[in-house]
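The primary structure of each chain is shown beneath.
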Amino acid sequence: MICCYKPPSNVGVPVSIRLSTLFVAALTVALALWSPDRAQAHAIIVDSSPSVGTEMPGPDVTMTLHYNNRIDKTRSRLTLMVGEKPFLKLPIDEGGAPDVITAKATGLAPGAYRLRWQVLALDGHITRGEIPFTVTAP
Ligand SMILES: [Cu+2]
């Protein structure tokens, strides 16, 4: 198509500029068409337990994170943080609903924690987040 493009002889705009304008226009249309699908395919957290800022009775706490999409559980990570340091890697349970990941932390002392999650959605994109919460005495 580009090889055979012939601008009208009475138009003074250089061919290269006209082609790049056409390219940008086509790219804009392509992005507009693709963005909604891609955004929907990202894993966004819908609700969770613990949720942000809540108190959970210890010493054992079950983590349940519900996403808007299916998750590749084998390539997702849950880490319990204390301050800025990783405190405990939580093994994600196999099975269950494909858009929910669960894990259990046992023997937690009362105090402030952050649940750091990183999940891989089936579109190949990784999303991350943190949920600060407090463990209380049983
Ligand atoms: Cu995505």
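As shown above, the structure is provided for reference.
Residues numbered from 1 in each chain as written. Predicted model: local features only at pLDDT ≥ 70, side-chain atom pairs only at ≥ 80, totals over all residues.

1. Thoughts on the overall build of the protein
Right, so step 1: Looking only at helices and strands, the protein features one helix and eight strands.
Right, so step 2: Reading the secondary structure of the protein in the N-to-C direction produces α-β-β-β-β-β-β-β-β.
Right, so step 3: In the protein, once contacts between residues fewer than 6 apart in sequence are set aside, the share between residues at least 24 apart is 65%. (Helix = DSSP H or I, 4+ residues; strand = E, 2+ residues; numbered from the N terminus. Contact = placed C-beta atoms within 7 Å.)

2. Side note on the nonpolar core
Right, so step 1: The biggest cluster of nonpolar side chains holds 20 residues, and the ones touching the most others in it are Met-63, Ile-71, Leu-78, Leu-90, Leu-115 and Val-119.
Right, so step 2: Looking at this core, the elements that each hand over two or more residues are strand E3 (61-67), strand E4 (71-82), strand E6 (100-105), strand E7 (111-121) and strand E8 (126-136).
Right, so step 3: Setting aside its immediate chain neighbours within four residues, Ile-71 contacts Ala-43, Ser-76, Pro-98, Asp-99, Ile-101, Val-119, Leu-120 and Ala-121. (Core = buried A, V, L, I, M, F, W, Y, C linked by C-beta atoms within 7 Å. Buried ≥ 20, exposed ≤ 12 C-beta atoms within 10 Å, placed from the backbone.)

3. Re the sheet that holds strand E1 (residues 45-49)
Right, so step 1: Across the sheet, which stays open at both edges, the three strands sit in the order E1-E3-E6 with antiparallel pairing between neighbours. With partners counted over all chains shown, the strands left at the sheet margins are E1 and E6, one partner each. Adjacent strand axes in the sheet meet at a mean angle of 10° when their direction is disregarded.
Right, so step 2: With four bridges connecting them, E1 and E3 associate as antiparallel partners. The residue of E3 that forms the bridge with Ser-48 is Leu-65. (Pairing = 2+ DSSP bridges. Axes fitted to C-alpha atoms, helices over the stretch in contact; angles between N-to-C directions.)

4. Some details on the sheet that holds E4
Right, so step 1: One open sheet accounts for five strands, arranged E2-E8-E7-E4-E5; its pairing is mixed. A strand with exactly one partner marks an edge of an open sheet, and here the two such strands are strand E2 (55-57) and strand E5 (85-90). Averaged over all neighbouring strand pairs, the angle between strand axes comes to 35°, with direction disregarded.

5. Thoughts on the environment of Asn-69
Right, so step 1: The topology assignment puts Asn-69 in the loop between E3 and E4.
Right, so step 2: Between the C-alpha atom of Asn-69 and that of Ala-41, which follows or precedes it by 28 residues, the distance is 6.8 Å.
Right, so step 3: When near neighbours in sequence (up to four residues on either side) are disregarded, Asn-69 contacts Ala-41, Ala-43, Asp-99, Ala-121 and Leu-122.

6. Side note on the environment of Pro-110
Right, so step 1: Mapped onto the elements of the fold, Pro-110 is located in the loop between E6 and E7.
Right, so step 2: Spatially, the C-alpha atom of Pro-110 lies 6.7 Å from that of Gly-58, the residues being 52 residues apart in sequence.
Right, so step 3: Excluding residues that lie within four positions of it along the chain, Pro-110 makes contacts with Gly-58, Val-135, Thr-136 and Ala-137.

7. A short note on the pairing of E5
Right, so step 1: The sheet contact formed by E4 and E5 spans five bridges and is antiparallel. Directly across from Val-82, in E5, lies its bridge partner Lys-85.
Right, so step 2: Once E4 ends, the chain turns through two residues before running back antiparallel as E5, passing Gly-83 with a positive phi of about 65°.

8. Focus on unusual backbone geometry
Right, so step 1: Across the junction of Ser-49 and Pro-50, the peptide omega takes the value 0°, indicating a cis bond.
Right, so step 2: A cis amide bond links Gly-58 with the next residue in sequence, Pro-59, at an omega value of 0°.

9. Brief notes about the environment of Ser-48
Right, so step 1: Examined against the element boundaries, Ser-48 turns out to sit in strand E1.
Right, so step 2: Sequence spacing of Ser-48 and His-66 is 18 residues, and the spatial spacing of their C-alpha atoms is 5.8 Å.
Right, so step 3: Residues in contact with Ser-48, not counting those within four places in the same chain, are Thr-64, Leu-65, His-66 and Ile-131.

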